Amino acid sequence: MKSVLQIDGVEVVCVVGETLLDAARRAGLEKRIPTLCHVAGSVPEGGCRLCLVEVEGKARPVAACHSVAEPGQIVRTSS
């Protein structure tokens, strides 16, 4: 199943269950979310915290490599 969210005002179609980082990369927005410890195909470590993004409605920034993309989310990569 697919859903739509926004990353920096760009509508991104994502697969339910994928991370915000994976959705951004698939949409060609990979340069907006920097990473250091993320290795494709491995379990996200999230140790560097470099991929923090702001998700509207969340009290604090979240790690894009760990956070599951949800329908209707509004994500900001720089704020």
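Everything below is about the structure printed above this text.
Remember, it's a predicted structure, so these values are computed and weren't measured experimentally.

**Q** What's the story with the overall build of the protein chain in this structure? I'm lost.
**A** Of the regular secondary structure elements, the protein chain holds one helix and five strands. Rg of the C-alpha trace for the protein chain: 11 Å, near the compact-globule value of 12 Å for 79 residues, within the 12% margin. By its C-alpha atoms, the protein chain is 25 × 25 × 20 Å across when sized along the principal axes. Counting only residues that meet the buried cut, the protein chain has 34% of its 79 residues in that class.

**Q** Help me understand the sheet that holds strand β3 (residues 52-55) in this model?
**A** Strand pairing in a sheet takes place through backbone hydrogen bonds and is either antiparallel or parallel in direction. Read from one edge to the other, the open sheet built from five strands follows the order β2-β1-β5-β3-β4, with strand pairing classed as mixed. Pairing within the sheet leaves two strands with one partner each, and these edge strands are β2 (10-15) and β4 (62-63). As paired strands, strand β1 (residues 2-7) and β2 are joined by six bridges and run antiparallel to one another. Residue pairing in the sheet places V4 in a bridge with V13 of β2.

**Q** What is the right way to look at the nonpolar core in this model?
**A** Within soluble globular proteins, side chains that are nonpolar tend to cluster in buried spots. L5, I7, L20, I33, V53, A64 and V75 are the most contacted members of the largest nonpolar core, which has 19 residues in total. Listed by contribution, the elements that provide at least two residues to this core are β1, β2, α1 (20-26), β3 and β4. With near-sequence residues (within four places) excluded, V53 lies in contact with L20, I33, P61, V62, A64, V75, R76 and T77.

**Q** Whenever I open this one, the side chain of S67 confuses me. Can you help?
**A** Topologically, S67 is positioned in the loop between β4 and β5 (74-76). When near neighbours in sequence (up to four residues on either side) are disregarded, S67 contacts E18, T19, L20 and V62.

**Q** Whenever I open this one, the environment of V62 confuses me. Can you help?
**A** Position of V62 among the secondary structure elements: in strand β4. Along the chain, V62 and R25 lie 37 residues apart, while their C-alpha atoms are 17 Å from each other. V62 has contacts with L20, C51, L52, V53, V55 and S67, leaving out every residue within four places of it along the chain.

**Q** Help me understand the pairing of β3 in this model?
**A** The two faces of the sheet receive side chains in turn, since in a regular strand these alternate between them. Here β3 shows one buried face, formed by V53 and V55, and one open face, formed by L52 and E54. Note that β3 and β4 share two bridges and pair antiparallel. The residue bridging V53 from the neighbouring strand is V62, located in β4. In sequence, β3 turns back onto β4 through a hairpin of six residues, with G57 there showing a positive phi of about 95 degrees. Of the pairings in the sheet, the one linking β3 to β5 comprises two bridges and is antiparallel in character. In the strand pairing of β5, E54 is matched with R76.

About the criteria used
- Residues numbered from 1 in each chain as written.
- Predicted model: local features only at pLDDT ≥ 70, side-chain atom pairs only at ≥ 80, totals over all residues.
- Heavy atoms only, no water.
- Helix = DSSP H or I, 4+ residues; strand = E, 2+ residues; numbered from the N terminus.
- Rg over C-alpha atoms; globule rule 2.2 N^0.38 Å.
- Buried < 20%, exposed > 50% of the residue type's maximum accessible area, 1.4 Å probe, protein only.
- Pairing = 2+ DSSP bridges.
- Core = buried A, V, L, I, M, F, W, Y, C linked by side-chain atoms within 4.5 Å.
- Contact = heavy atoms within 4.5 Å.

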